Amino acid sequence: MPAYHATWSPDGAPAAAPPYGASYPVRLHDGSTLTLPLRALPGGAQAIALLMANQTGFAVEHALIRLLAAMVSPLAPQAIVGVPTMGLAYARPVAEKLGMGDYVALGHSRKFWYDDSLAIPLTSSTSPDQTKHLYLDPALVERVRGRRVVVIDDVLNTGRTAAAAMRLLERAGACVVAIAAVLTEGWAWRTALEATGPTSAPQVHALGHIPLFGRQADGWHPLPGT
């Protein structure tokens, strides 16, 4: 597999049109461009534009954190919460950039002092036969109770983790005002978040959107409806 390589450019040049080869230029909401590698899914007929927070260079990471902080700031959050795994890479520096003294990291690993009332079952899209849990450390409850909270993720795909995070935080007394992500991918996440309730579904804010891709004779093309 080729080495991971993503780039960010501040220029406002028009995005390239399909077909795409090894990469896809994502137009972000400020007019900048995030170019991501395309990776074929098992079977080879479809591909995704891959954002790997733990493999991007620091220049790209810093640009995305700056844009995320600017997007989240008008929401007046009183707490930032990161969802595992890759959402944590953005939540901590965004909270710091907003001048907060701390942030909250949700996790999948249960520590011995955890309270089962602060756990939500979660089935992964990549491991559908294995049920994990999303946990909030009881020691961090006071950081979110009664506060305006923004949940940060890297990519919203199925929306299951974001929806579970919202339920867990509301159980802890938080007011979740928004889900913020670098990218949305497809639209399945809408169903998961809407299932939390028509009056409680949070706003979703993202820097950009990536479709799914299908292989054609001349290269990769965005799939209709994604």
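Residues numbered from 1 in each chain as written. Predicted model: local features only at pLDDT ≥ 70, side-chain atom pairs only at ≥ 80, totals over all residues. Heavy atoms only, no water.

1. Section: helix α1 (residues 58-72)
Quick reminder: α-helices carry 3.6 residues per turn. Residues three or four places apart thus point the same way.
Part 1: Across its 15 residues, α1 extends 21 Å between first and last C-alpha, which sits within 8% of the 21 Å expected from 1.5 Å per residue.
Part 2: Among the residues making up α1, those that are buried are Val60, Ala63, Leu64, Ile65, Leu67, Leu68, Ala69, Met71 and Val72. (Helix = DSSP H or I, 4+ residues; strand = E, 2+ residues; numbered from the N terminus. Expected span 1.5 Å × (residues − 1). Buried < 20%, exposed > 50% of the residue type's maximum accessible area, 1.4 Å probe, protein only.)

2. Describing the nonpolar core
Part 1: By size, the foremost hydrophobic cluster in this structure holds 42 residues, and its most contacted members are Leu36, Leu51, Leu64, Tyr90, Val150 and Leu183.
Part 2: Counting only elements with at least two residues in this core, the list comes to β2 (23-27), β3 (33-40), β4 (46-49), α1, α2 (87-97), β9 (148-156), β10 (175-185) and β11 (203-210).
Part 3: Among the elements that line this core, the one with the most residues is α1, at eight residues.
Part 4: Setting aside anything within four residues of it in sequence, one finds Val150 in contact with Val72, Leu75, Pro77, Ala79, Ile80, Val81, Val177, Ala178 and Ala180.
Part 5: Grouped together as the second largest cluster of nonpolar side chains are 31 residues, Val81, Leu118, Ala162 and Leu169 included. (Core = buried A, V, L, I, M, F, W, Y, C linked by side-chain atoms within 4.5 Å. Contact = heavy atoms within 4.5 Å.)

3. Here we look at unusual backbone geometry
Part 1: Cis geometry marks the peptide bond from Pro18 to Pro19, where omega comes out at 10°.
Part 2: Along the chain, Pro84 connects to Thr85 via a cis peptide bond; the corresponding omega equals 5°.
Part 3: If you trace the backbone, Thr85 turns up in the loop between β5 (79-82) and α2.
Part 4: A positive phi angle, near 55°, is found at Ala76, a position not held by glycine.
Part 5: Along the chain, Ala76 turns up in the loop between α1 and β5.

4. Some words on the side chain of Thr33
Part 1: Inspection of the secondary structure puts Thr33 in strand β3.
Part 2: Residue classification places Thr33 among the buried residues on the basis of a relative accessible area of 13%.
Part 3: Other than its neighbours up to four places away in sequence, Thr33 contacts Thr7, Trp8, Ser9, Asp11, Pro25, Val26 and Arg27.

5. Details of the confidence of the model for the chain
Part 1: The predicted model of the chain averages 90 in pLDDT, with 92% of residues at 70 or higher.
Part 2: Within the chain, strand β7 (residues 119-123) has the poorest average pLDDT of any element, 80, and β5 the best, 98. (pLDDT = per-residue confidence, 0-100.)

6. Some remarks on the pairing of strand β13 (residues 219-222)
Part 1: Direction of pairing for strand β12 (residues 213-216) relative to β13: antiparallel, over a ladder of four bridges. Across the sheet, the residue bridging to Gly214 is His221, located in β13.
Part 2: With antiparallel pairing between neighbouring strands as the criterion, β12 and β13 make up a hairpin whose turn holds two residues. (Pairing = 2+ DSSP bridges.)

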